[in-house]
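Notes for the structure review
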2 protein chains.
Amino acid sequence: MSKFWSSMAKRATPYVPGEQPKEINVLKLNTNENPYPPSPAVASAITEELGKDLRLYPPPNAEDLREVIATTYDVTTENVFVGNGSDEVLAFAFMAFFEPGQTIRFPDITYSFYPVYATLFDIPYETVPVQRDFTLTTESFYQSEGGVIFPNPNAPTSLSLPLEEVKSIVENNPHTVVIVDEAYVDFAQQSAVELVNDYPNLLVVQTTSKSRSLAGLRVGYALGDEQLIQALIRMKDSFNSYTLDRLALAGAIASFKDQTYTEKTIQKIIATRSWITDEMTQLRFHVLPSETNFIFVSHEQYEANTLYNQLKEKNILVRYFDSPPIDQYLRITIGTDEEMQLFLKTLKEIINKLE
Amino acid sequence: MSKFWSSMAKRATPYVPGEQPKEINVLKLNTNENPYPPSPAVASAITEELGKDLRLYPPPNAEDLREVIATTYDVTTENVFVGNGSDEVLAFAFMAFFEPGQTIRFPDITYSFYPVYATLFDIPYETVPVQRDFTLTTESFYQSEGGVIFPNPNAPTSLSLPLEEVKSIVENNPHTVVIVDEAYVDFAQQSAVELVNDYPNLLVVQTTSKSRSLAGLRVGYALGDEQLIQALIRMKDSFNSYTLDRLALAGAIASFKDQTYTEKTIQKIIATRSWITDEMTQLRFHVLPSETNFIFVSHEQYEANTLYNQLKEKNILVRYFDSPPIDQYLRITIGTDEEMQLFLKTLKEIINKLE
């Protein structure tokens, strides 16, 4: 610490993202990236944009991207906010809707960026314990003083809360904002987007990083009532007028225009997820019923940490969280079939040696 | 306003960027963009990166870009922070170094984003009046309670404060951070970067948007003592792990590797600036001695607002600020020689009609 740091800089407890190894022979199953490339239309659109005016500022309101997202989700452009990845959208949402001094709620097992934002912006929070099977207790989120945020499906558990229960959380917090972080929703059965026109306190946040294979492009978005979107725009325009560069805008627009490709990719990943879930179960892993592009697994016999380290030695990265009650679990991103075969083969070898 | 808005959302007074017209037949001299394209190496590097893994998250610490910037400015990677445009870097700097309750200082005529950040983060500020010729009074910035920020060269005045005076402001604020916003410094004679190793309280912020023609790519950076850079990294990692996408990183790296191109572009703009300054002076405009890629001008006879509107009617956009004491000035970006000839011709026609 330095005497020049503000109290905000001092109290911050930065998020630690998953490793991004420079080695190219590593099988990365640790940060929930999509194993398939983005739609070919993305590269074409970026190449075209590259031939235009990189010297000019991007459109500050990103109208074209907001419009195509609005069309995709059957809402209006005024219901759409776009940002530099869903993390930035979430940061603006914490600023716009949560208040220092008013306690917000999120699950105790959840995306570990939430307490980071809360600490940064001095927003008190209470964590709501998940049940022993990691499902959320809907009622525990009712009547929150300062607001609610949770991922659906949840990370790292991979579990989805049924839409009716999301609705009941929103309905039972009529005076505060409920943020549903749907980073993984395209691999799940239902999204809360269809509720945004009915509830002025519901903000749904999504990303192009997972289902659209654009983690490297940094484009996230939020869908909600026009008044909520206005508040997010106010935050952005008080922070950084242009958060999306010209190439990211062009690429994201192209991706939303090629829904067929996205759908196909999602179906492939869901098929692989189903297959690897069966295989892992046969190896006596407990696999939570995933609605995401990763699985969350535990073994009755082997330490998760041991498996994590031994996989890492074999150049396979998965995610391990060293804190109870999830310290006996591994979060494993769904790769291609070939990648998961390699993963499985390696895992079997490790287990055989451990026995 | 909505009952769901936080006090931060309510008190925010968003920045209003210059117009980005969709029409392509407009001569844009309003947002200080570079009239020349970026180095051809930028497009090549982006095209190459596009063939790689857009599906993967970018490197969160942007080491490669920080390294090439460090080399360019003869500092270490630990002295370099990179962000999504210098606006984002400035936002993180306000968070990291300025404190609610401790009054900061900046000039009364300056970049209009500073009061926006201060209001957003609830940091009190006092504006220091510039002199009648728009120069800064160095001593007025001494012993600030909460810190100091000023652009050098200043915007929209185009004037530069000599390095010795910058140094005296830094030396006379030993307990707070002095942020020198050098967005336009490549068009000036001296940068404060050479001071960063000597003063632990000096942060120099620069951008690729102006001299490097990369406004559309959103890459800014800060140079300073390692402890200051650490604080900025803490802010970023508490807000958004990956603020620069893979293409922006690749493009910016290529730009810094092609210094020759940047130097040439800068020299062309400085030559045009010199020429247009003479021409405008002959038209009886008062032109401030610019060290930027724009000129700040006033006419003894014609209203700035009238000239702004009439130029706009002729599809030429310049920047007009409707508040005293600069409401008789126009800020005009330096375009190519051809563009400035068209501007001048149109301006002469307008003036002739007004006479």
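Heads up: these notes are all about the structure in this document. Everything numeric here is computed off the predicted structure, so don't read it as measured data.

Counting its secondary structure elements, chain A contains eleven helices and 13 strands. The C-alpha atoms of chain A give 20 Å as radius of gyration, which agrees with the globular expectation for 355 residues (20 Å, within 12%). Expressed along its principal axes, the backbone C-alpha trace of chain A runs to roughly 60 × 50 × 50 Å. The buried share of chain A, reckoned over its 355 residues, is 63%. Relative to all contacts within chain A whose residues are 6 or more apart in sequence, the contacts with residues 24 or more apart total 73%.

Turning to the relation of the copies chain A and chain B, a few remarks are in order. Mapping chain A onto chain B calls for a screw motion: a turn of 180 degrees about the axis and a shift of 0.0 Å along it, with 0.0 Å RMSD after fitting. On the angle and the small slide along the axis, the relation comes out as a two-fold axis. When the interface residues of chain A are mapped onto chain B, 100% of them are again interface residues, pointing to one common binding face.

Our focus in this paragraph is empty space enclosed by the protein. Going through the model one piece at a time under the given rule, you end up with four cavities of 30 Å³ or more. As a volume, the largest cavity reaches approximately 370 Å³. What lines the largest cavity is a set of 27 residues, and nearest its centre among them are Tyr15, Tyr111, Tyr184 and Lys210 of chain A together with Tyr57 of chain B. When residues in the lining of the largest cavity are grouped by element, the largest group, three residues, is from helix α4 (residues 85–97) of chain A. Considering only residue class, the lining of the largest cavity consists of eleven nonpolar, ten polar and six charged. Looking at the lining of the second largest cavity residue by residue, the class counts come to nine nonpolar, three polar and two charged.

Here we come to the sheet that holds strand β10 (residues 294–299) of chain B. Residue and element names in this part refer to chain B. Spatially, four strands are ordered β9-β10-β13-β12 in an open sheet, and the strand pairing comes out antiparallel. Bordering the open sheet on either side are β9 (285–287) and β12 (319–320), each of which pairs with just one other strand. Direction of pairing for β12 relative to strand β13 (residues 329–333): antiparallel, over a ladder of two bridges. Looking at β13, one finds that Arg319 is bridged to Arg331. Against the sheet, helix α10 (residues 304–313) touches β9, β12 and β13, its axis set at about 40 degrees to β13.

As a further point, take the packing of α10 of chain B against helix α11 (residues 337–354) of chain B. All names here are of chain B. It is at 10 Å that the axes of α10 and α11 come closest, and there the two elements cross at 120 degrees. Considering the angle they form, α10 stands oblique to α11. Between α10 and α11 lies a crossing whose hand is right-handed. For the pair formed by α10 and α11, the contact residues are Thr306, Leu307, Gln310 and Leu311 on the first element and Phe343, Thr346, Leu347, Ile350, Ile351 and Leu354 on the second. When the residues that make up the contact of α10 with α11 are grouped by side-chain class, the tally is seven nonpolar, three polar and no charged.

What follows concerns the packing of aromatic side chains. Tallying each qualifying case throughout the model produces 45 aromatic pairs over all chains. An angle of 25 degrees between the planes, with centres 4.9 Å apart, marks the rings of Phe106 of chain B and Tyr125 of chain B as stacked. Of the two residues, Phe106 of chain B sits in strand β3 (residues 104–107) while Tyr125 of chain B sits in strand β4 (residues 125–128), which places them 19 residues apart along the sequence. Exposure remark for Phe106 of chain B: the relative accessible area of 2% places this residue in the buried category. Look at Tyr125 of chain B and you get partly exposed, because its relative accessible area is 36%. One aromatic cluster in this structure is built from Tyr15, Phe94, Phe98, Phe106, Tyr111, Phe113, Tyr114, Tyr117 and Tyr125 of chain A. Lying across the ring of Phe294 of chain A, Arg331 of chain A places its NZ or CZ 5.6 Å from the centre.

Taken together, the contacts link 83 residues of chain A with 83 residues of chain B. Both sides together, the interface formed by chain A and chain B hides about 6,800 Å², and carbon and sulfur atoms give 59% of it. Here chain A is connected to chain B by zero salt bridges. Our enumeration of links across chain A and chain B arrives at 40 residue pairs in polar contact (both at pLDDT 80 or more). Contributions of two or more residues to the side of chain A that touches chain B are made by α1 (7–11), α2 (40–50), α4, α5 (114–120), α7 (226–237) and α8 (246–257) of chain A.

Attention now moves to the side chain of Ser168 of chain A. All names here are of chain A. By the secondary structure assignment, Ser168 is in helix α6 (residues 163–171). Overall, the relative accessible area of 14% leaves Ser168 in the buried class. Excluding anything up to four places from it in sequence, Ser168 contacts Thr138 and Tyr142.

Residue and element names in this part refer to chain B. The full count for this structure, using the stated rule, is 19 salt bridges over all chains. Here Glu349 makes a salt bridge to Lys345, at a shortest N to O gap of 3.5 Å. A residue pair is termed a helical-turn pair when its members lie 3 or 4 positions apart in one helix, as Glu349 and Lys345 do in helix α11 at four residues. The exposure class of Lys345 is exposed, given its relative accessible area of 51%.

A few words now on the pairing of strand β7 (residues 202–207) of chain B. All names here are of chain B. Across the six residues of β7, six count as buried, placing the element largely inside the fold. Burial along β7 is two-sided: the face carrying Leu202, Val204 and Gln206 and the face carrying Leu203, Val205 and Thr207 are both buried. Sheet analysis places strand β6 (residues 178–181) next to β7, joined by four bridges and oriented parallel. Each residue of the ladder has a partner; that of Val178, found in β7, is Leu202.

Burial of nonpolar side chains together is a common tendency in soluble globular proteins. Among the nonpolar cores identified, the biggest contains 106 residues, and Leu65 and Ile69 of chain A together with Leu65 and Ile69 of chain B are the most heavily contacted of them. Ignoring anything within four residues of it in the chain, the contact list for Ile69 of chain A reads Val80, Val82, Tyr221, Leu223 and Phe256 of chain A. The next biggest cluster of nonpolar side chains, apart from the first, holds 82 residues, and it includes Ala93 and Phe121 of chain A together with Val89 and Phe94 of chain B.

Below, the discussion takes up the side chain of Arg218 of chain B. Mapped onto the fold, Arg218 of chain B is located in the loop between β7 and β8 (220–224). Although Arg218 of chain B is buried, it forms no salt bridge, and the closest oppositely charged side chain is Asp87 of chain B at an N-O distance of 4.7 Å. Polar side-chain contacts of Arg218 of chain B include one of 3.2 Å to the backbone oxygen of Ala215 of chain B. With residues up to four places along the chain from it excluded, the contact list for Arg218 of chain B reads Tyr57, Pro58, Asn240, Tyr242, Leu244 and Asp245 of chain A together with Gly83, Asn84, Gly85, Ser209 and Leu244 of chain B.

This part is about the sheet that holds strand β12 (residues 319–320) of chain A. All names here are of chain A. Strands sit in the order β9-β10-β13-β12 across an open sheet of four strands; the sheet is antiparallel. Two strands close off the open sheet at either side, each with one partner strand: β9 (285–287) and β12. Across three bridges, β9 lies against strand β10 (residues 294–299) in antiparallel orientation. Along β10, the bridge assignment pairs Phe285 with His299.

Reading the values: rules and limits
Residues numbered from 1 in each chain as written. Chains lettered and ligands numbered in written order. Predicted model: local features only at pLDDT ≥ 70, side-chain atom pairs only at ≥ 80, totals over all residues. Heavy atoms only, no water. Helix = DSSP H or I, 4+ residues; strand = E, 2+ residues; numbered from the N terminus. Rg over C-alpha atoms; globule rule 2.2 N^0.38 Å. Buried < 20%, exposed > 50% of the residue type's maximum accessible area, 1.4 Å probe, protein only. Contact = heavy atoms within 4.5 Å. Least-squares fit on C-alpha atoms with pLDDT ≥ 70 in both. 1 Å grid on protein atoms, 1.4 Å probe; cavity = no way out; pocket = protein on both sides within 12 Å on 5 of 7 lines; lining within 4 Å. Points joined across faces, edges and corners; volume = space filled by probe spheres on them. Nonpolar A, V, L, I, M, F, W, Y, C, P; charged D, E, K, R; others polar. Pairing = 2+ DSSP bridges. Axes fitted to C-alpha atoms, helices over the stretch in contact; angles between N-to-C directions. Parallel < 35°, antiparallel > 145°, perpendicular 65-115°, else oblique. Left-handed = near helix turned anticlockwise from the far one by under 90°. Phe/Tyr/Trp six-rings, centres within 6.5 Å; stacked < 30°, edge-to-face > 60°. Lys NZ or Arg CZ within 6 Å of the ring centre and 35° of its normal. Buried area = accessible area lost by both parts, 1.4 Å probe. Salt bridge = Lys/Arg side-chain N within 4 Å of Asp/Glu carboxyl O. Polar contact = N/O pair within 3.5 Å; in protein donor to acceptor, adjacent residues only side chain to side chain. Core = buried A, V, L, I, M, F, W, Y, C linked by side-chain atoms within 4.5 Å. Lys, Arg positive; Asp, Glu negative; His and termini not counted.

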